[in-house]
Amino acid sequence: MKSAVETLNPTRVRLTVEVPFEELKDSLDAAYKKINQQVTVKGFRKGKIPARIIDQRFGRGAVLEEAVNDALPKFYTEAVNGAELDVLGQPEVDITELKDGETLNFTAEVDIRPVLELPEDFSSIEVEVDAVEVSDEDIEKSVEQLRERFASTSPVERAAEDGDVVTVDLEAKVDGEVLEDGVADGVSYTIGSGELLEGIDDAVKGLEAGGEATFTSELKGGSAAGQQAEVTVKVTQVAARELPELDDEFAQLASEFDTLEELKADSRKRLANMKQYDQATQAQERVLEKLLELVEVPVPEKLLADEINTRKHNLEHHQLDQMGLNLEKYLELQGKTVEEFETETREAAVKGIKTQFVLDELVKREKLNVNQEELTEHLMRRAASSGMSPDQFAQAVVEGGQVPLLVGEVARGKALAVVVESATVKDTNGEVIDLDDEEEDTEEAAEATTEDADESAESAEDKPEA
């Protein structure tokens, strides 16, 4: 077999392959054997039909077609490996010549990973991030949120006010008809929380137990999601919320601490840790943006089109479906036009593909490996963010053949961390941030930053067919 490579552009090549006919022998034998098992000829036992009879009855062309389709993947793979190409996706194969007993010639056009020139070092990269500052106001807000969680309620005989917890029965009508899923009884709602329908606050305020009101609101979910409905709300109980006193007794109730001061000190520490993680994430994102500006990365058009379609499909058929929305309603809620959505989706896809190309090249250059402990830690984090148990998530990953995807996420996170270590990171106060002191947060943040790109440019080397 002979092959040659023609570069069509930085991300696409054409392979020209010439195969001597004798190299098709194994595939021809397999084709005759397969056809033998599929057909019946009077006078011959199944599977024992001579090749010449198959040629006469079914045509030599059918045998050749079966043999070529069986052989093409092998010859294509040999040509790719011989040329040391890093291919992306399925090739477009064209058989240019097939002479029985003489030769098989074909071409295969396929996308490849572009050759990238990375900077020798990244010390020229400098970014600014938010300073880690925890104010007394932050502490008070944190403690107040904890206090809200331990609030108690008691029924009152008066009209409902802001902050009260009301128990209500709801009935929704569209075009005068009560919806099958539009009735709910005994719903608990805190006035002012915004957790139910728009307009319900004004409807229930001023009502006592037994009172009812009707208002118009757009339904957020269910069979009539996005439609205007006439909603009748009946208040069955009004309860006032009572917050516990902010004292040492509350600290003992709500935490493992004995005093309120100890609780506040712990809140300060936790908030500082959270802000340090946010700072590390911010550093990763901004360093990545600078890195992409330094490297010229051509993007394969077909890969980009596939990535855009994948993002749209996931949004429409997974995320929005769960929310009871369609794309049109989603864009209306976001205040975006179709053109703006298309532009943003394309930009995100381009960034995702470029990120993966650049970080994969860095992984290769730095010879970065992923050990079992790193993979397990990453799997635990991904499981937590997906709402699945580690065992369930691990099983889904293995069954879906996604282990290499997770390995890639970890490796790219490590590659980005290498760049961040060389870059200069300053906070808004002008202080240089040493992220080495927050190594664990930095590695987690780097993996989170690169996860959006991890499904981009994942090639599937499917078998090509003529």
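Structure's up top.
Residues numbered from 1 in each chain as written. Predicted model: local features only at pLDDT ≥ 70, side-chain atom pairs only at ≥ 80, totals over all residues. Heavy atoms only, no water.

**Student:** Can you break down the overall build of the chain residue by residue, with the values?
**Tutor:** Counting secondary structure elements, the chain contains 14 helices and eleven strands. Its C-alpha atoms give the chain a radius of gyration of 32 Å, clearly above 23 Å, the size a compact globule of 466 residues would have. Every one of the 466 residues in the chain was classed for burial, and the buried ones make up 38%. Sequence-distant contacts in the chain: of pairs separated by 6 or more residues, those separated by 24 or more amount to 71%. A total accessible area of about 26600 Å² is found for the chain, and carbon and sulfur atoms account for 44% of it. Within the chain, one finds 49 positive and 109 negative side-chain charges whose respective centroids are separated by 10 Å. (Helix = DSSP H or I, 4+ residues; strand = E, 2+ residues; numbered from the N terminus. Rg over C-alpha atoms; globule rule 2.2 N^0.38 Å. Buried < 20%, exposed > 50% of the residue type's maximum accessible area, 1.4 Å probe, protein only. Contact = heavy atoms within 4.5 Å. Areas by Shrake-Rupley, 256 points an atom, 1.4 Å probe, with all protein chains shown as cover. Lys, Arg positive; Asp, Glu negative; His and termini not counted. Charge placed at Lys NZ, Arg CZ, Asp CG, Glu CD.)

**Student:** For the packing of helix H1 (residues 25–38) against helix H3 (residues 60–83), give the residues involved together with the corresponding values.
**Tutor:** H3 packs onto H1 with a crossing angle of 120 degrees between their chain directions and a minimal axis gap of 8 Å. Taken together, the axis directions place H1 and H3 in an arrangement best described as oblique. In the crossing of H1 with H3, the sense of the turn from one axis to the other is right-handed. Contacts from Ser27, Leu28, Ala31, Tyr32, Lys34 and Ile35 in H1 reach Arg60, Val63, Leu64, Glu66, Ala67, Asp70 and Ala71 in H3. Among the residues making up the contact of H1 with H3, the classes are represented as eight nonpolar, one polar and four charged. (Axes fitted to C-alpha atoms, helices over the stretch in contact; angles between N-to-C directions. Parallel < 35°, antiparallel > 145°, perpendicular 65-115°, else oblique. Left-handed = near helix turned anticlockwise from the far one by under 90°. Nonpolar A, V, L, I, M, F, W, Y, C, P; charged D, E, K, R; others polar.)

**Student:** How would you summarise the pairing of strand S7 (residues 165–174) if you had to cite specific residues and measurements?
**Tutor:** With respect to burial, S7 is a largely interior element, seven of its ten residues being buried. The pairing of S7 with strand S8 (residues 177–190) spans eight bridges and is classified as antiparallel. In the sheet register, valine 174 faces S8, and the bridge partner there is glutamate 177. Counting the residues between successive antiparallel strands, the hairpin from S7 to S8 contains two residues, one of them, aspartate 175, with a positive phi of roughly 55 degrees. (Pairing = 2+ DSSP bridges.)

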